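Chain and residue survey
Below, each chain spelled out in residue letters.
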Amino acid sequence: GAGVSQSPSNKVTEKGKDVELRCDPISGHTALYWYRQRLGQGLEFLIYFQGNSAPDKSGLPSDRFSAERTGESVSTLTIQRTQQEDSAVYLCASSLAGGPWRATGELFFGEGSRLTVL
Amino acid sequence: QKEVEQNSGPLSVPEGAIASLNCTYSDRGSQSFFWYRQYSGKSPELIMFIYSNGDKEDGRFTVQLNKASQYVSLLIRDSQPSDSATYLCAVIGGGTSYGKLTFGQGTILTVHP
């Protein structure tokens, strides 16, 4: 498809289980972001991938969270030993990159993965 | 101090009025500035961007940038109920994370008939 694709769209899990969320960015987009958005709250930055540079992991809230990206394509966000406070919508976004211009700042978001931890 | 700050609101304006949304940023090296709109239950979408000091207009929307004062604002003229959403300010800074976009917490706007 032409847009950012995320899966699963909904995930219900039990506390303590591991979950994996997937993001398939727009082809050719070198920048990829993961955000968390709790109900009624703003976007919480998690991690930023840009090309072959080392990812910016400064937003990951704990070592239970990790993310990988294969080249400039698919990314997975893994949450180990899930807790109830992990319940949120996890948004992935991608953009072209090449400088501080519109193309870099125009993020295309997926529909999100809604995670519910019971 | 947060990198990008916005008043969380909610900001309530009557239909037809001008809605003014403000944003300040801490990094003087920031180079480009964006406004996103997020409807409830939806993902954010880009509505305006600006690089240079001054004003930029697109339809009912005007974005104003003042780099000396480190603020960027969004004005919505003739506000409509359909403008009710959360507005997110975002900045590409001059820091070490190349091209990284940083968002503020967003301002909730309600336009009432």
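Described below are features of the structure shown in this document. Keep in mind it's a predicted model, so treat the numbers as computed, not measured.

1. Comments concerning the side chain of Q37 of chain A
Along the chain, Q37 of chain A falls in strand β4 (residues 31-37). Among the polar contacts listed, one links the side chain of Q37 of chain A to the backbone oxygen of Q41 of chain A, at a separation of 3.0 Å. Sequence-distant contacts of Q37 of chain A, that is, excluding residues within four places in its chain, are made with G42, L43, A88, V89 and L91 of chain A together with Q38 of chain B.

2. Quick word on the environment of R28 of chain B
All names here are of chain B. By the secondary structure assignment, R28 is in the loop between β3 (19-25) and β4 (32-38). On the basis of relative accessible area, R28 is assigned to the exposed category, the value being 61%. Separated by 15 residues in sequence, R28 and S43 have C-alpha atoms that sit 29 Å apart. Once residues lying within four places of it in the same chain are set aside, the contact partners of R28 are K67, A68 and Q70.

3. A look at the state of the cysteines
Residue and element names in this part refer to chain A. This model, assessed by the stated rule, comprises two disulfides over all chains. Through a disulfide, C23 is tied to C92; the S-S separation comes to 1.9 Å. Between C23 and C92, the S-S dihedral sits near -65 degrees, and the bridge is therefore left-handed. Taken together, the residues span a long stretch of sequence, with C23 in strand β3 (residues 19-24) and C92 in strand β8 (residues 88-95) at a distance of 69 residues. Just as C23 is buried, C92 falls in that class too.

4. Quick notes on the sheet that holds strand β1 (residues 5-7) of chain A
Residue and element names in this part refer to chain A. Read across the sheet, four strands follow the order β1-β3-β7-β6 without closing on themselves; strand pairing throughout is antiparallel. What marks the edges here is a single partner per strand, and that holds for β1 and β6 (65-69). Adjacent strand axes in the sheet meet at a mean angle of 15 degrees when their direction is disregarded. The sheet contact formed by β6 and strand β7 (residues 75-79) spans five bridges and is antiparallel. Opposite A67, over in β7, you have L77 as the bridge partner.

Definitions and limits used
- Residues numbered from 1 in each chain as written.
- Chains lettered and ligands numbered in written order.
- Predicted model: local features only at pLDDT ≥ 70, side-chain atom pairs only at ≥ 80, totals over all residues.
- Heavy atoms only, no water.
- Helix = DSSP H or I, 4+ residues; strand = E, 2+ residues; numbered from the N terminus.
- Polar contact = N/O pair within 3.5 Å; in protein donor to acceptor, adjacent residues only side chain to side chain.
- Contact = heavy atoms within 4.5 Å.
- Buried < 20%, exposed > 50% of the residue type's maximum accessible area, 1.4 Å probe, protein only.
- Disulfide = S-S within 2.5 Å.
- Pairing = 2+ DSSP bridges.
- Axes fitted to C-alpha atoms, helices over the stretch in contact; angles between N-to-C directions.

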